[in-house]
Amino acid sequence: MFTPEMMESIKKVEATREARMAVEPRRMTAEEKSELLKAYHPDYRPEGFKEIKIGPNKGQKAPVELADLLHSNSRLLNENIDLSKIDYDVDVLVIGGGGAGCSAAIEAHEAGANVMVVTKLRIGDANTMMAEGGIQAADKPNDSPVQHYLDAFGGGHFAARPELLRRLVMEAPDAIQWLNKLGVMFDKYEDGTMVTTHGGGTSRKRMHACKDYSGAEIMRTVRDEVLNRKIPVVEFTSAVELIKDDKGQVAGAVLLNMETDDYLVARAKTVIIATGGAGRLHYQNFPTSNHYGATADGLILGYRAGAPLLYQDTIQYHPTGVAYPSQIFGALVTEKVRSLGAMLVNKDGEAYAHPLETRDVSASAIIRECAGGKGVDTPLGSGVWLDTPMIEMIHGEGTIEKRIPAMLRMYLNYGIDMRKVPILVYPTLHYQNGGLEIGGEGYTKAIPNLLVAGEAVGGIHGRNRLMGNSLLDIIVFGRNAGKAAARRAAETQLSEMNLDHIKAYADELAAADCAEEGVSPLLLPNYARHQR
Amino acid sequence: MSNMVNVYFYGKRYSVPGDLTIMTAMEYAGYTLKRGCGCRHGFCGACATIYRIKGCNELKTCLACQTQVQEGMYVASIPFFPTDKRTYDINTIKADQRVMMELYPEIYACIGCNACTKACTQSLNVMQYIAYAQRGELEKCAEESFDCVGCGCCSVRCPAGISHPMVGLLARRLTGKYIAPETKHLTDRVNEINAGAYDELIEAIMQKPISEMQELYNHRDIEK
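The rules we used
- Sequence order as written defines the numbering, with residues in each chain counted from 1.
- To read the labels, note that chains go from A and ligands from 1, taken in the order they are written.
- Whole-chain, interface and lining totals are the exception, using all residues; otherwise, since this is a predicted model, local features are given only for residues with pLDDT of at least 70 and side-chain atom pairs are given and counted only at 80 or more.
- We call two strands paired when DSSP finds no fewer than two bridges between them.
- In DSSP terms, a helix is any run of H or I states spanning at least four residues, a strand is any run of E spanning at least two, and both are numbered starting from the N terminus.
- Domain boundaries shown here were taken from an automatic or database domain assignment.
- What counts as a contact is two residues whose backbone-derived C-beta atoms lie within 7 Å of each other.
- Asp, Glu, Lys and Arg are counted as charged, while Ala, Val, Leu, Ile, Met, Phe, Trp, Tyr, Cys and Pro are counted as nonpolar; the rest, among them Gly, fall into the polar class.
- Joining buried Ala, Val, Leu, Ile, Met, Phe, Trp, Tyr and Cys residues through C-beta atoms within 7 Å gives a set, and that set is a nonpolar core.
- Working definition of burial: number of other C-beta atoms within 10 Å of the residue's own, with buried at 20 or more, exposed at 12 or fewer, and partly exposed in between, all C-beta atoms being placed from the backbone.
- The angle between two axes is taken between their N-to-C directions and runs from 0 to 180 degrees, where each axis is a line fitted to C-alpha atoms and a helix contributes only its stretch in contact.
- Orientation is classified from the angle alone, with under 35 degrees giving roughly parallel, over 145 giving roughly antiparallel, 65 to 115 giving roughly perpendicular, and any other angle giving oblique.
- Crossing handedness is defined as follows: a turn of the near helix away from the far one that is anticlockwise and smaller than a right angle gives a left-handed crossing, while the clockwise case is right-handed.
- As used here, the arc belongs to the directions running from the helix axis to the C-beta atoms.

Caption draft 1: Representation of the sheet that holds strand β8 (residues 207-208) of chain A in the model. Residue and element names in this part refer to chain A. Across the sheet, which stays open at both edges, the three strands sit in the order β6-β8-β7 with antiparallel pairing between neighbours. Of all strands in the sheet, those bounded by a partner on one side alone are β6 (135-136) and β7 (196-197). With two bridges connecting them, β6 and β8 associate as antiparallel partners. What sits directly across from Q136, in β8, is M207.

Caption draft 2: A look at the domain arrangement of chain A. All names here are of chain A. Here chain A is described as being made up of domain 1 (4-40 + 318-429) and domain 2 (88-314 + 433-498). Residue-level contacts link 24 residues of domain 1 with 25 residues of domain 2. Secondary structure elements with two or more residues in the side of domain 1 that touches domain 2: β14 (315-322), α11 (336-339), α12 (359-371), α15 (405-412) and β18 (423-432). The residue inventory of the side of domain 1 that touches domain 2, partitioned by class, reads 10 nonpolar, eight polar and six charged.

Caption draft 3: Local environment of the nonpolar core. Counting residues in hydrophobic clusters, the biggest one holds 229 residues, and the most contacted among them are V92, L93, V94, I272 and A453 of chain A. Sequence-distant contacts of A453 of chain A, defined by excluding residues within four places in its chain, comprise A100, A104, I272, A274, G442, I474, F477, G478 and A481 of chain A.

Caption draft 4: Looking closely at the environment of G30 of chain B. If you trace the backbone, G30 of chain B turns up in the loop between α1 (22-28) and β3 (48-53). Taking the C-alpha atoms as reference, G30 of chain B lies 36 Å from S145 of chain B; in sequence the two are 115 residues apart. Not counting the four nearest positions on each side in its chain, G30 of chain B is found in contact with A528, R529 and H530 of chain A.

Caption draft 5: Layout of the interface of chain B and chain A. The interface is formed by 61 residues belonging to chain B together with 69 residues belonging to chain A. Elements supplying a minimum of two residues to the side of chain B that touches chain A: α1, α7 (164-179), α8 (184-194), α9 (199-207) and α10 (210-218) of chain B. With seven residues, the single largest contributor to the side of chain B that touches chain A is α7 of chain B. Residues that form the side of chain B that touches chain A fall into these classes: 28 nonpolar, 17 polar and 16 charged.

Caption draft 6: Region of interest: the packing of helix α2 (residues 30-40) of chain A against α12 of chain A. All names here are of chain A. Interaxial distance between α2 and α12 falls to 9 Å at its minimum, and their mutual angle equals 60°. Relative to α12, the element α2 is oriented oblique. Note that α2 runs across α12; the crossing there is left-handed. On α12, the residues touching K33, L36, L37 and Y40 of α2 are D360, V361, S364, A365, I367 and R368. A class-by-class count of the residues in the contact of α2 with α12 yields six nonpolar, one polar and three charged.

Caption draft 7: Region of interest: the domain arrangement of chain B. Residue and element names in this part refer to chain B. Per the domain assignment, the segments of chain B are domain 1 (4-77) and domain 2 (81-201). Between the C-alpha centres of domain 1 and domain 2 there is a distance of 30 Å. The partner domain 2 presents eight residues to the seven residues of domain 1 that form the contact. Here the side of domain 1 that touches domain 2 gets three residues from one element, more than from any other, and that element is strand β4 (residues 60-63). Taken together, the residues that form the side of domain 1 that touches domain 2 break down as five nonpolar, two polar and no charged.

Caption draft 8: Expanded view of the sheet that holds strand β5 (residues 73-77) of chain B. Residue and element names in this part refer to chain B. Taken together, the five strands give an open sheet; going across it, the order is β2-β1-β5-β3-β4, and neighbouring strands pair in mixed fashion. This sheet does not close on itself; its edge strands, each paired only once, are β2 (12-17) and β4. Averaged over all pairs of adjacent strands, the angle between strand axes in this sheet comes to 35°, irrespective of strand direction. Judged from the five bridges that link them, β3 and β5 form a sheet pairing that is antiparallel. Counted as the bridge partner of T49 is S77 from β5.

Caption draft 9: Expanded view of unusual backbone geometry. Residue and element names in this part refer to chain A. Cis geometry is found at the peptide bond from Y324 to P325, where omega equals 5°. For P325, the location among the structural elements is in the loop between β14 and α11. In this structure, the amide linkage connecting S520 to the following residue, P521, adopts the cis form with an omega of 0°. Position of P521 relative to the elements: it lies in the segment after β23 (519-520). A positive phi is found at N285, a non-glycine position, where the angle reads about 60°. Looking at N285, the number of C-beta atoms within 10 Å reads 9, which means it is exposed. Located in the positive-phi region is A296, a residue other than glycine, with phi close to 60°. Mapped onto the secondary structure, A296 falls in the loop between β12 (263-273) and α10 (297-304).

Caption draft 10: Geometry of α8 of chain B. All of the buried residues along α8 of chain B are L186, R189, V190 and I193 of chain B. Viewed end-on, α8 of chain B has its buried residues packed into an arc of 100°, placing them on one side of the element. Set apart from the buried face of α8 of chain B by more than 90 degrees, the exposed residues are K184 and N191 of chain B. Buried residues in α8 of chain B make contact with α6 (145-155), α7 (162-170) and α8 (172-182) of chain A. One or two residues past the end of α8 of chain B sits G196 of chain B, with phi positive at roughly 85°.

Structure, rendered in structure tokens:
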């Protein structure tokens, strides 16, 4: 339920609705966007970043919380791990049980490799499960992979690695077809045509969806396929460090049973890091739309083993996180709400920007409105209105229940009927644009048999990601990593395993005098409140 | 500061702010969650929870991340429940009534008590989608079960031992793969790409200098 002050502001939103609906708000010019980002995007706040002092990205900046983890020692530094006692011995080790990890496991299995998935929580506990709005692919007659490339390249500020972006857009239709053949229920018309909409920054309607459970539908399908294939999945077990061999290859990982605190050794000829994002590090104290385990573990593992990062200083804040009520603060309100026509409106009822600018621009504009006193005060800060009743006025009654049932349900839990009243939103920490650097085949630049897929990769999207390109990238790059890892495993000979890089990293930290007190990777956020 | 309420985690009393969810209240009480906590936003089903309000005899089920605490709430989480997933080859099974009989025959032991529907944390009509599955109406079963997050509360309460989420999942995969109409424009585009129709065009755009890309991007036409 909204407060009386909020209800007063809603009256202004209602009063301007009819006039607003008659005019599409103007899109910003390139110059206007650039000015806005510099003034309001959190990536431009210097206090949110610090310099990385050691390793391949030494001298570059990273979010403070990530830099602190990069400047922390391994929890194995003073442990004596017996690497001769091998608990799991496989061709391909997939670290992470989300969309990228499962896609990789399926393809590696299809290629005949002995593959295993290890995951910190349950298989499917991942940001993939929470992706709502959709997945992009240029598969309609008025669209093309080249148009998709242009949208994504421009939306990412011309910083995406062309070889990665090419793969993303060229393999997108095949990814959709693969999912469809696995049984993913895409929204279709009766003749089989996909129901597609715009996302922020798209020039064609190429957003495919499964209501607003797009990621969940994809995740539960690929998870089911992993289980059908009887691929071993070790749950509640974290990879806490990569193992290397005398030749400098990666040779597996040391695992931690999260429940018994026992260490285990997994030997593998190729390793795929598919550990996802970092929202639970709460950069700049933002709330997050990410799942509980999103703590950048794979970035730490890879970096300590010598793999460089790319664009680790660019973070995506989703414009529309829940600003109110507090119980769901920071939860994602899918961009699809705006794809379906809802406008962003300030407390005076003004549509201050086009609702489908790219996410960085849209988030910055909300922050600007709130900083300038045009936001609606909430117990935890402020927010702007997302005028959801417009959706039913544009597309007819029942559209919200049919197209975005998860959103409707989430708000009805707290007595807010988004069909009747607008909802309050504010940016939420959503996605790490950066990550470990890979080449087109999915391999890290420094270690020949270490691959990365999914959100842990940097460079696919450049410095901002478009809606629907992440569900796409986990499938495209997950599948590719699985295939490549199976191939490489067949050619790989491992030699004596060691954890020497842990000590070497500790020495570097000591020499740079920057070692933090804690250990990394973090594994889980520290949410438990302890009175002493 | 909001009002404090008394809640009981596994029978032990804690005083917590009344505006918290069950999940954040457990963390407020000092629990470090490993099991029973996943996406924290109502999509993954990790935090299936059963509770009773002191003085009421009715047992309720919910997702801990989506449910606000109440005074006198006795809470037990169900971090794992042995639902029974049957394995199959999606490429060889058929989308007919027999598939349910073969893979999930226990659905025919449903006694119609509707406990599954009452237990659903997503307010789905669970018994109805099981009925559709019994009749081989796979598409209806898929639609009716679509919003399932797989928390398993239905199965916990089922006297017939049915693993409802798995039945819905099978129906959805069969519907997505076999029953929903084929997408011709998708097939066409995949074929075009495989035939190399876009190779030169994509190569060309990859080679363009940034200034030209900026020009193209800033002046591209946007579909209405």
